[in-house]
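The lines below spell out each chain.
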Amino acid sequence: PEYLAAQAKRLGKDFGLSVQVLGRKEVEKLGMGCFLAVAQGSKQPLKFIVAKYHGAAKSVAPLVLVGKGITFDTGGISIKPAAEMDEMKFDMGGAASVLGTLRAVAQLKPKINLVGLIPACENMPGGAAVKPGDVVTSMSGQTVEILNTDAEGRLILCDALTYAERFKPAAVVDIATLTGACVVALGHHRSGMFSSDDVLAAELDRAGQAALDPCWRMPLDEEYDEGLKSNFADMGNVGPRAGGAITAAMFLKRFTAKYPWAHLDIAGSAWKSGAAKGAT
């Protein structure tokens, strides 16, 4: 997380972006209980990166990009299998894409306002780690029963999505290597795209086609929300195995009522395995 934050600061310096990095104390003050829960098992301090590009008048509502910045994901107490765990350094692919977009925008200088939000931390097991069954309170005030500590991406994103409200955004798009279920559904060629806004969804679809980085719109039917019911909190952080990419998106949707929102699940498209191992 510290390295990612340093890269963001360097990007700000080189390309004239405003970059602020919040630490644990500031995040605690904001009440980001879900983000804090994921970070508490690691010796590496969490970082919340806020980067801004100003290309239009202050009165123009910004677009906000939120990138998942899990710099290493062991799965936490719900630990992952050993095979291919080395690839989990790529779990900050969403964060990297946000920084890359900010750099491109700063070079092209379009007349827009853009904000990049990156919650960055590691997800580690240990004596201080969050446990399955723990209930935490998100920045929005909604409570979450953490049933699986490996469903951590949505926990750090939900607090960032609440933080995004302060910018009164024209739209918010989160980008995350979120679920293995999305890889099962769509393979490695298309990212999963979920949106509560048809206009935004159509724009993302067109942009993906134009950039040869295609996505595929997935459903957000209310019935899928049933899977997130919890006996002890407003919601669980996972639903049943079936439709896992959708229930993850339904979880995020609960934090996005105040603006047009879309979610890109890039778990299948962010990196390659094997001999070609690396980011795409």
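All values derive from a computational prediction rather than experimental measurement.

Glancing now at the nonpolar core. In terms of nonpolar packing, the biggest core is built from 51 residues, with F48, L117, Y163 and F251 touching the most fellow members. Within the residue set of this core, elements represented by two or more residues are α3 (33-39), β2 (47-54), β3 (63-67), β5 (113-123), α5 (153-163), β8 (171-176) and α8 (244-253). Discounting chain neighbours no more than four positions away, the residues touching Y163 are L22, L30, M32, F48, V50, L117 and M139. Counting 35 residues, the second-largest nonpolar core is a separate cluster that includes L4, L102, A171 and V173.

All right, on to helix α1 (residues 2-15) then. An α-helix turns once per 3.6 residues; consequently, residues spaced three or four apart project the same way. The end-to-end C-alpha distance of α1 is 20 Å, a good match for the 20 Å that 14 residues give at a rise of 1.5 Å each. Among the residues making up α1, those that are buried are L4, A5, A8, L11 and G12. Relative to the axis of α1, the buried residues are bounded by an arc of 115° and lie together on one face. Residues Y3, K9, R10, K13 and D14 are exposed on α1 and point more than 90 degrees away from its buried face. Elements that come into contact with the buried residues of α1 comprise β1 (18-22), β2, β4 (69-73), α4 (93-108) and β5. Immediately downstream of α1, the backbone of G16 shows phi near 70°, a positive value.

Strands sit in the order β6-β7-β11 across an open sheet of three strands; the sheet is mixed. With partners counted over all chains shown, the strands left at the sheet margins are β6 (135-137) and β11 (235-236), one partner each. As paired strands, β6 and strand β7 (residues 143-145) are joined by three bridges and run antiparallel to one another. The partner of V135 across the bridge, within β7, is E145.

Moving on: α4. Its 16 residues give α4 an end-to-end C-alpha distance of 22 Å, which sits within 8% of 22 Å, the value for a rise of 1.5 Å per residue. Of all the positions in α4, only G93, G94, A95, V98, L99, L102, V105 and A106 are classed as buried. Where α4 is buried, its residues contact α1, β2, β3, β4, β5 and β8. Directly beyond the C-terminal end of α4, a positive phi value near 55° is found at K109.

In this section: the pattern of salt bridges. Using the criterion set out here, one finds eleven salt bridges in the structure. A salt bridge links R254 to D225, with the shortest nitrogen-to-oxygen separation between them at 2.9 Å. Residue R254 is found in the loop between α8 and β12 (261-265), and its partner D225 is found in the loop between β10 (215-217) and β11; the two are separated by 29 residues along the sequence. Overall, D225 belongs to the partly exposed group, its relative accessible area being 23%. Through salt bridges with shared partners, a single ionic network connects K68, D91 and E152.

Cut-offs used in this document
- Residues numbered from 1 in each chain as written.
- Predicted model: local features only at pLDDT ≥ 70, side-chain atom pairs only at ≥ 80, totals over all residues.
- Heavy atoms only, no water.
- Core = buried A, V, L, I, M, F, W, Y, C linked by side-chain atoms within 4.5 Å.
- Buried < 20%, exposed > 50% of the residue type's maximum accessible area, 1.4 Å probe, protein only.
- Helix = DSSP H or I, 4+ residues; strand = E, 2+ residues; numbered from the N terminus.
- Contact = heavy atoms within 4.5 Å.
- Expected span 1.5 Å × (residues − 1).
- Arc of directions from axis to C-beta.
- Pairing = 2+ DSSP bridges.
- Salt bridge = Lys/Arg side-chain N within 4 Å of Asp/Glu carboxyl O.

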